[in-house]
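Read off the chains here:
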Amino acid sequence: MNRIYGTIAAFAFLALPVLAQAAENRCGWLQNPTPGNWWLDDAEGNWPIRSQGSEDEPEGMDLIPDISERDYVRTNGSYGYACACMKVDTDDERITKIYSFKQLKLAQCRNDKALTVPG
């Protein structure tokens, strides 16, 4: 019996690094105010995704479609913001990898008291 518990404990210990790096689900205002500049503002803060002129683009950036085709606010010509949820990896400062993207109705972010409407 002790052998079984020891095996279970060993597998649980080995799984800890995987669990510690699990993707996060972040929802909030996805902003693209100018060419090449993207970030997500959620209840925990601002998460840079991409900066104009930078070579640092997270893997999965291509999962973000043209957000202006759905519920969207234009703020600068064809640029602006939308409400979205993304499954991502972060490094405590920025989004480093995007696994999935879902654009939501603007009302969902507007009704979230933890979020501040851009602008």
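Below is a summary of the structure that appears in this document. The structure presented is a predicted model; accordingly, all values stated were derived computationally and were not measured.

1. Overview of the overall build of the protein
Per the secondary structure count, the protein includes two helices and six strands. The order of helices and strands in the protein, counted from the N terminus, is α-β-β-β-β-β-β-α. By the burial criterion, 34% of the 119 residues in the protein qualify as buried. About 7,800 Å² of surface is accessible on the protein, with carbon and sulfur atoms providing 51% of the total.

2. Overview of the nonpolar core
Residues Leu30, Ile49, Ile64, Ile67, Met86 and Ile98 are the most contacted members of the largest nonpolar core, which totals 16 residues. In terms of residue count, the dominant contributor to this core is strand β5 (residues 79-90) (four residues). Once residues lying within four places of it in the same chain are set aside, the contact partners of Ile98 are Ile49, Pro58, Glu59, Gly60, Met61, Leu63, Ile64, Met86, Lys87 and Val88.

3. Remarks on the packing of aromatic side chains
With the rule as written, the count across this model stands at one aromatic pair. Look at Trp29 and Tyr81: their rings are 5.2 Å apart centre to centre, the planes differ by 90°, and that puts the pair in the edge-to-face class. In this pair, Trp29 is assigned in strand β1 (residues 24-32) and Tyr81 in strand β5, connecting sequence segments 52 residues apart. Trp29 sits in the buried class, given a relative accessible area of 0%.

Reading the values: the criteria
Residues numbered from 1 in each chain as written. Predicted model: local features only at pLDDT ≥ 70, side-chain atom pairs only at ≥ 80, totals over all residues. Heavy atoms only, no water. Helix = DSSP H or I, 4+ residues; strand = E, 2+ residues; numbered from the N terminus. Buried < 20%, exposed > 50% of the residue type's maximum accessible area, 1.4 Å probe, protein only. Areas by Shrake-Rupley, 256 points an atom, 1.4 Å probe, with all protein chains shown as cover. Core = buried A, V, L, I, M, F, W, Y, C linked by side-chain atoms within 4.5 Å. Contact = heavy atoms within 4.5 Å. Phe/Tyr/Trp six-rings, centres within 6.5 Å; stacked < 30°, edge-to-face > 60°.

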